[in-house]
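This is what each chain is made of:
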Amino acid sequence: MLQRRKSLVADALRSALSGAFGVDHEPTVEVPPQRRLGDLASPCALHLARELRQAPRRIAERLVEALDLPPGFDRVTVEGPGYVNFHLDRTGFAAAMLDAVPVAPSAGADQPDKVIVEHTNINPNKAAHIGHLRNAVLGDVLARALRSLGRTTEVQNYIDDTGVQVADVVVGFVDLRGCSVADIEALPEPFDYTCWDVYSEVGRWYGTDSARLELRRRTLHALESGRGRRAEAGRLVARRIVSRHLATMGRIDIDYDLLTRESEILRLDFFVAAFEQLRQSGAVRLEETGKNAGCWVMPLSESQEFQGLEDPDKVIVRSDGTVTYVGKDIAYQLWKFGLLGRDFEYEPFRDGPGPEGTPRAEPGRNGPGPDGPRRAEPAGDGPGREGTSRAEPGGDGAGPDERRGHGPGREEPGGEGPLWETAASSTGSGPKQAPAFGAGARVINVIDARQAYLQKIVRAGLEALGHTREAGESIHFAYEMVALSARTAEQLGFSGDAVLEMSGRKGIGVKADDLLDQLEAKSRAEIAARRGDGDTEGKADRDTELLARQIATAALRFFMARATTTRVIAFDIDEATAFEGETGPYLQYSIVRARNIRRRLAEEGLPHEVGGARAAQLPIEAWPDDLWDLVLLASGCQETVERAATTLELSLIARHAVNLAQKFHAIYHRHPILHEKNADLRNARLAATQIFVRSLEALAEILGVPLPERM
RNA sequence: GCGCCUGUAGCUCAGCAGGAUAGAGCGGCGGAUUCCUAAUCCGCAGGUCAGAGGUUCGAGUCCUCUCAGGCGCGCCA
């Protein structure tokens, strides 16, 4: 809505500038700070003051005389030092807003080109922690934003099931605890919590003992070959953990289209194909002397991106013939663009072995003790990409799917499809009608900022193969890590004078499920405090439970989404579990209030819906500045979402949503609707409320903030 | 050493491609509840935008340097 008006203003200014001054200037159009100043403004007169050797205000005044007021505007004024300010026809604009879709597919987005978003990527060897939540929320919000803008979007979650981290947990079970595969299988939930402890234990157990470290190496090789009891144990661990990760992420409405497994990349020799391309194109060469003797390396010295590196070459194949992480990643990235010349096999995701759909067993039982893994463990801990999961597709039979049927406008953005995974064996499992995965036109990898270097190398690899376009479309969505605030670290029993980095290896961190449990418990208490009266058990409990989850989801998702991606989050438990102020529950509360007004109007027998035709007849007096300001802000949703999706600064969406809610809350207190006798005033306020509700619903959908009917 | 990021109110952070009086939340203080649920709203206090130069009609925003903090630069992932 607003974008169109902006371009009308720009057009009018451009032609007036050319007519009156003979200059060719692209005017900028912005929203002035106060509504009484107007709705759109251009500082172009200020910009041109120097060039035209005239006072800005004078330029502005002449400009206004020469200007044809574009349709939809009432008047144009000169303000301040020389701004040209345009005042919208409030009545007409509001009437149009009533019929407008807040966030619609972008103009030129009929392009069927697929965007692949990879996120979560948690190592399947322990419980997810809050750092992983940041990754998953950002990835999920991005995917929702892209889909709401009409882009075909495929969400992948990469599972490194053959890496060192899984090997460590296998060693922990097999060698340290003396478990058989059956023993591991028989372990109760929460299995991911158990692994959390095992992983931390085995790290200490290794110490510098070379015999023990040899066990790790042997296990790693077993995982890579896929044969033997250790490999079997590894598959079991990975499968069970992935199920847990999917369940955790499912709690906050995050899901995926495809799980890709590293074991399949190995089994299908993706790297062999990639290596052939790299070798033939001369992108890699066999080093014969020097410290990299016997390795296939990719020279990076050409690229100025890598200037100043001590070692300008990156090893792709080690001297023992094994492939490095980057090597595998280049192969995987080639597949994502459809450049590899081979494909995975797929099957619908089956939840892990063991009791299907078993409800999670009290994840919080570990108490307040130290917990929480973290994302990329730097030293020895494979800061790799870690990943996770998705909401169980077939399991968890308990309870209805809360995500549907609650809250208007909650159609799933991508049309929640089924979850697929890469098939575990070529023997296959019958009828596969998998969608065409991969072969995207753009690939966005949500990976923490510390892996920027690796991501650059992957891009350089594509470049070296001559895939310049694809290299340009390989986008690293980098975000900073989540650390523990000094206060929270102390509460958890860690010493902390400064923010404390989480470490899965050391067992320092906050587990995702523990945080969600806390949020839900606090929500329940909050709800109980408000509904003190007679509501008895039974149904009330079910409602409360659902509401508590919705509030917890909103709080967590908003907390993660509102932070600027380039900043480290110092995770503070009190701040993260706050429900007042700039929070997810604040958004929910504003919607609940707005909806309640309309509900009450209906109960009173008053009209609770204003149509565009009626709104178009309202007098200008019905739109005071503050009420009007809400409508104007709502008209900027589309632009905000587009900018967020382009710049990958998703906090823009969160902030826009909270700004809307703040404006609404203020108006709510100043401009009563139910008790307003004047029909024009009431209708204008009601129209603004309708516009607000629809706009915030659209943004909440993108943010993944569920909107309850009551709070 | 080289590279990237960050430094704005007591705390956590906004500040859109230089532009109108530097904003919000939390915390503090003081108010608002016969009136659409106070998970709300209103008011007050609180800032040499790390520091120094520079560019400009105009700098929190751009450039240079300094200081402080974080991260990265493996035959680890």
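Residues numbered from 1 in each chain as written. Chains lettered and ligands numbered in written order. Predicted model: local features only at pLDDT ≥ 70, side-chain atom pairs only at ≥ 80, totals over all residues. Heavy atoms only, no water.

**Re the overall build of chain A**
1) Next: The number of helices and strands found in chain A is 25 helices and 16 strands.
2) Next: Contacts in chain A between residues far apart in sequence, at least 24 positions, make up 79% of those at least 6 positions apart.
3) Next: Of the roughly 28,900 Å² of accessible surface on chain A, 50% is carried by carbon and sulfur atoms. (Helix = DSSP H or I, 4+ residues; strand = E, 2+ residues; numbered from the N terminus. Contact = heavy atoms within 4.5 Å. Areas by Shrake-Rupley, 256 points an atom, 1.4 Å probe, with all protein chains shown as cover.)

**Concerning the protein's contact with RNA strand B**
1) Next: As a structural note, the neighbourhood of RNA strand B is formed by 68 residues, with Q34, Y83, R318, R530 and R593 the closest of them.
2) Next: In the interface set of RNA strand B, defined as its atoms within 4 Å of the protein, sugar plus phosphate atoms amount to 62%.
3) Next: E575 is positioned such that a nitrogen or oxygen atom in its side chain is 3.2 Å from a sugar or linking oxygen of RNA strand B.
4) Next: With seven residues, helix α20 (residues 584–603) is the largest single contributor of residues to the surface near RNA strand B.
5) Next: Split into classes, the residues belonging to the surface near RNA strand B amount to 29 nonpolar, 20 polar and 19 charged. (Near = heavy atom within 4 Å. Polar contact = N/O pair within 3.5 Å; in protein donor to acceptor, adjacent residues only side chain to side chain. Nonpolar A, V, L, I, M, F, W, Y, C, P; charged D, E, K, R; others polar.)

**Brief notes about the state of the cysteines**
1) Next: Applying the stated criterion across every chain, the model contains zero disulfides.
2) Next: Of all cysteine sulfurs, the one in C195 lies closest to C179, which takes part in no disulfide; the gap is 10 Å.
3) Next: Residue C179 is classed as buried on the basis of its relative accessible area of 14%. (Disulfide = S-S within 2.5 Å. Buried < 20%, exposed > 50% of the residue type's maximum accessible area, 1.4 Å probe, protein only.)

**Details of the sheet that holds strand β14 (residues 482–484)**
1) Next: Sheet architecture is open: three strands sit in the order β15-β14-β16, paired in mixed fashion. The open sheet has two free edges, formed respectively by β15 (500–501) and β16 (569–571), since each of these has just one partner strand.
2) Next: Here β14 pairs with β16 via three bridges, running parallel. Looking at the pairing, A483 lines up with A570 of β16.
3) Next: Most of the contacts of helix α5 (residues 130–148) go to β14, to which it runs at about 150°, and overall it touches β14 and β16. (Pairing = 2+ DSSP bridges. Axes fitted to C-alpha atoms, helices over the stretch in contact; angles between N-to-C directions.)

**A word on helix α25 (residues 679–703)**
1) Next: Relative to the 36 Å expected for 25 residues at 1.5 Å per residue, α25 spans 35 Å between its end C-alpha atoms, a close match to the ideal helical length.
2) Next: Burial of α25 is extensive: 21 of the 25 residues sit out of reach of the surface.
3) Next: Capping the start of α25 is the job of one residue whose side-chain oxygen sits 2.8 Å from the backbone nitrogen of D680: N678.
4) Next: In the segment just after α25, G704 is the residue with positive phi, at about 75°. (Expected span 1.5 Å × (residues − 1).)

**Re the pairing of strand β5 (residues 152–159)**
1) Next: For β5, the buried fraction is high: seven of the eight residues fall into the buried class.
2) Next: Taken together, the four bridges between β5 and strand β6 (residues 258–261) define a ladder with parallel strand orientation. Bridge pairing in β6 links Q156 to L258.

**Describing the pattern of salt bridges**
1) Next: One pass over the full model with this rule turns up 51 salt bridges.
2) Next: Here R216 makes a salt bridge to D168, at a shortest N to O gap of 2.9 Å. With R216 in helix α9 (residues 210–225) and D168 in helix α6 (residues 164–176), the pair connects residues that are 48 residues apart, well separated along the chain.
3) Next: If you follow the salt bridges from partner to partner, you end up with R251, D513, D517, E520, R524 and E545 in one network. (Salt bridge = Lys/Arg side-chain N within 4 Å of Asp/Glu carboxyl O.)

**Comments concerning helix α4 (residues 90–99)**
1) Next: Counting buried positions along α4 gives seven out of 10 residues, so the element sits mostly inside the fold.
2) Next: Of the positions making up α4, those classed as buried are R90, T91, F93, A94, A95, M97 and L98.
3) Next: Where α4 begins, one side-chain oxygen reaches toward the backbone nitrogen of T91, 3.3 Å away; that side chain belongs to D89.

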